[in-house]
Amino acid sequence: MIPENTGPAAVIVLAAGAGTRMKSRTPKILHEIGGRSMVAHALLAARSINPGRLALVVRHERDLVAGHLNELDPEALIVDQDEVPGTGRAVEVALLALDAKEELTGTVVVTYGDVPLLSGALLADLVATHEREGNAVTVLTALLDDATGYGRILRGDDGSVTGIREHKDATEAERLVREVNSGIYAFDAAVLRDALVHVTTDNSQGEKYLTDVLSLARQAGGRVAAVVTEDRWQVEGANDRVQLAALGAELNRRTVEAWMRAGVTVVDPATTWIDSTVTLDEDVRILPNTQLHGATTVARDAVVGPDSTLTDVRIGEGAKVIRTHGSGSVIGAGAAVGPFTYLRPGTVLGETGKIGAFYETKNVTIGRGSKLSHLGYAGDAEIGEDTNIGCGNITANYDGEKKHRTVIGSGVRTGSNTVFVAPVTVGDGAYSGAGAVIRKDVPAGALVLSVAAQRNAEGWVVANRPGSRSAELATAASDSSNSPASTEEGK
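All figures in this text were calculated on a predicted structure; none of them were measured in a lab. Numbers given for residues are sequential positions, taken from 1 along each chain in its written order. With pLDDT at 70 or above as the cut-off, local features in this predicted model cover only qualifying residues; side-chain atom pairs require 80 or more to be listed or tallied, and sums for whole chains, interfaces and linings still use all residues. Where side-chain values are given, they derive from all heavy atoms of the structure, hydrogens and water being excluded.

A. Local environment of unusual backbone geometry. The omega torsion across Gly-305 and Pro-306 is 5°, close enough to zero to call that bond cis. Where helices and strands are cited, they refer to DSSP runs of H or I of at least four residues and of E of at least two residues respectively, numbered from the N terminus. Take Pro-306: it is sitting in the loop between β18 (303–304) and β19 (308–311). Ala-422 connects to Pro-423 through a cis peptide bond whose omega is 0°. Unusually for a residue other than glycine, Thr-352 sits at a positive phi of about 60°. When you line up the elements, Thr-352 lands in the loop between β26 (348–349) and β27 (354–366). Burial classification: accessible surface area is computed with a 1.4 Å probe over protein chains only, and a residue below 20% of its type maximum counts as buried, one above 50% as exposed, and the rest as partly exposed. Take Thr-352: its relative accessible area is 37%, and that puts it in the partly exposed class. Here the phi dihedral of Leu-375 falls at roughly 55°; this positive angle occurs in a residue that is not glycine. Mapped onto the elements of the fold, Leu-375 is located in strand β28 (residues 371–383). The class of Leu-375 is partly exposed, set by a relative accessible area of 48%.

B. Here's a closer look at the packing of helix α3 (residues 87–101) against helix α6 (residues 189–198). Helix axes are fitted to C-alpha atoms over the stretch in contact, other axes to C-alpha atoms as well, and angles between N-to-C directions run from 0 to 180 degrees. As a packed pair, α3 and α6 sit with axes 10 Å apart at the nearest point and diverge in direction by 130°. Taken together, the axes of α3 and α6 lie oblique to each other. Note on packing geometry: the crossing formed by α3 with α6 is left-handed. Each of Gly-88, Val-91, Glu-92, Leu-95 and Asp-99 in α3 lies in contact with α6, whose residues at this interface are Leu-192, Arg-193, Leu-196 and Val-197. Residue polarity follows a fixed list, in which Ala, Val, Leu, Ile, Met, Phe, Trp, Tyr, Cys and Pro are nonpolar, Asp, Glu, Lys and Arg are charged, and the others, Gly among them, are polar. By residue class, the composition of the contact of α3 with α6 is five nonpolar, one polar and three charged. Convention used here: angles under 35 degrees read as roughly parallel, angles over 145 as roughly antiparallel, angles from 65 to 115 as roughly perpendicular, and any remaining angle as oblique. Handedness of a crossing follows from how the near helix is turned relative to the far one, being left-handed for an anticlockwise turn of less than a right angle and right-handed for a clockwise one. Any two residues whose heavy atoms approach within 4.5 Å are treated as being in contact.

C. Structural detail: the environment of Ala-94. By the element assignment, Ala-94 lies in helix α3. The class of Ala-94 is buried, set by a relative accessible area of 0%. The sequence separation of Ala-94 and Val-11 amounts to 83 residues, and the corresponding C-alpha distance is 9.8 Å. With sequence-adjacent residues up to four places away left out, Ala-94 is seen in contact with Ile-12, Val-57 and Val-79.

D. The layout of surface pockets, seen in detail. Here the term cavity refers to a set of points on a 1 Å grid, laid over the protein atoms alone, in which a 1.4 Å probe fits but cannot get out; the term pocket refers to an open set having protein on both sides within 12 Å along at least five of seven lines, with lining residues being those that place an atom within 4 Å of a point. Grid points are joined across faces, edges and corners, and a volume is the space filled by probe spheres set on the points. Taken as a whole, the largest pocket spans an internal volume of roughly 1,700 Å³. For the lining of the largest pocket, the secondary-structure elements that each account for two or more residues are β1 (10–15), α3, β9 (161–165) and β10 (179–188). Tallying contributions element by element places β10 first for the lining of the largest pocket, with five residues. The residue inventory of the lining of the largest pocket, partitioned by class, reads 17 nonpolar, 19 polar and 11 charged. Arg-36, His-41, Leu-44, Ala-45, Pro-116, Leu-117, Leu-118, Ser-119, Gln-234, Leu-251 and Arg-254 together form the lining of the second largest pocket.

E. Representation of the pattern of salt bridges in the model. What counts as a salt bridge is simple: a side-chain nitrogen of Lys or Arg found within 4 Å of a carboxyl oxygen of Asp or Glu. All told, the structure shown has 26 salt bridges when counted by the stated rule. The partner of Arg-62 in a salt bridge is Asp-80, and the shortest N-O contact between them spans 2.7 Å. Of this pair, Arg-62 sits in helix α2 (residues 62–72) while Asp-80 sits in strand β5 (residues 77–80), and the two are 18 residues apart along the sequence. Owing to a relative accessible area of 40%, Asp-80 belongs among the partly exposed residues under this scheme. Between Glu-360 and Arg-344 there is a salt bridge, with its nearest N and O atoms 2.7 Å apart. Placement of Glu-360 in strand β27 and of Arg-344 in the loop between β25 (341–343) and β26 is noted, with a sequence separation of 16 residues between them. Residues joined in a network through salt bridges with shared partners are Asp-231, Glu-250, Arg-253, Arg-254, Glu-257 and Arg-261.

F. Molecular detail of the packing of aromatic side chains. Ring pairs are drawn from Phe, Tyr and Trp, using the six-membered ring of Trp, whenever the two centres fall within 6.5 Å, and their geometry is named by plane angle: stacked under 30 degrees, edge-to-face over 60, tilted for the rest. By the definition in use, this model includes two aromatic pairs. Relative to Phe-187, the ring of Tyr-185 lies with its centre 5.2 Å away and its plane at 35°, an arrangement referred to as tilted. Using a relative accessible area of 1% as the deciding quantity, one classes Tyr-185 as buried. On the basis of an interplanar angle of 15° and a centroid distance of 5.1 Å, the ring pair of Phe-340 and Phe-358 is categorised as stacked. Here Phe-340 is found in the loop between β24 (336–337) and β25, whereas its partner Phe-358 is found in strand β27, with 18 residues between them in sequence. Only when the NZ of Lys or the CZ of Arg is both within 6 Å of the ring centre and within 35 degrees of the ring normal is a charge said to sit over the ring. The positively charged end of Arg-232 is found above the aromatic ring belonging to Trp-233, 4.2 Å away from the centroid. Looking at Lys-403, its charged tip hangs above the ring of Tyr-398, at a distance of 5.8 Å from the centre.

Here you go:
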């Protein structure tokens, strides 16, 4: 019978660092790229190799970090690092906590909460090599063109790892080595457990170094090997905002490229940003300067952009969204939005509907085929099917203390600059005249007008704005209309 778990015995994610170089109130591992915190990316990679147990070691801003981790992965074990510094101690307290339930046997992987581009595939390769070769320790390494500042991997004639030499301690010959330590390891649990007992803080930093386990494992007769990746981005961490931005840009480049290979047209990849959490169908077309964030989904043949930023927006098949800023909204199949449209949360636009230029919507449901074409606001409202809302219409939904709802039926036609003073209901098939202010419910099929007699105060401009250009033109027009020629022509 195949066991349910086929991954390593455990993965330990180190997430205790303060990240002082970020110069931020936000803990380093909670900074986001691609729509997820760095530690969320790390957790996804860890979970993808199906470990028997998963532990995360925390310390800096402990409650904030632990709360975030519990939201991401409630099954993960949160372990507090004590006063003893160093990665060796962090792994030791995690192993003690994991062993408290049942002593681990098999492979233990150690990785980090600030290495967001590390893939589950590379971790799986690390574990497979470690177990296939029967190594005591297997270290993930990378080849860099410029390895300045990194610990160099030293190898024996048989290819095994004989040591890790820090840059400051390396000889000139050792500094020519391009293979560097990522700090990500696969350990035999028993080897790790026994070695950590003998790791001391007797060094210049007063820390328990995890790298000391490698030499102790060799001294005990174990083999230390390496898995090399030429994809340095997978083992890059972010210690400051510059590195964070570089990782974010590389993640986005990979995300955009993956979608293009999956059948999405991205006209300008350099100005297109797509979160890792976004879902796109084949034949979607993304135009320049577009950002898609959160849980946004775009169905087949839809066009988004240019100059659009959408967060948690669901776009139906064949819809078009142009120069729009939107969040928490639904756009139906074949619908059109934009340009210069602001969709606020709760906006639901039905199939083939339209929200046009310079429109703002919030908490409004718009039925199939209905159109809000230009220059208006609709909030806290329900609009039926095949209704046309005229230019300049608004729902006056707020009385200064409470929000009220407007209900507009199907087949309604409203004149320019109609104002709906909520709460109010307009029946199916009703019409409104230009400038109507609707304060009372309108029956189905009725025409609503707000009519006041027009009054012309003749001569007002000349009397009240003497010397102005308007007064000059008015006087000239009056003189022209009273000239003999004009009088004769009028006979």
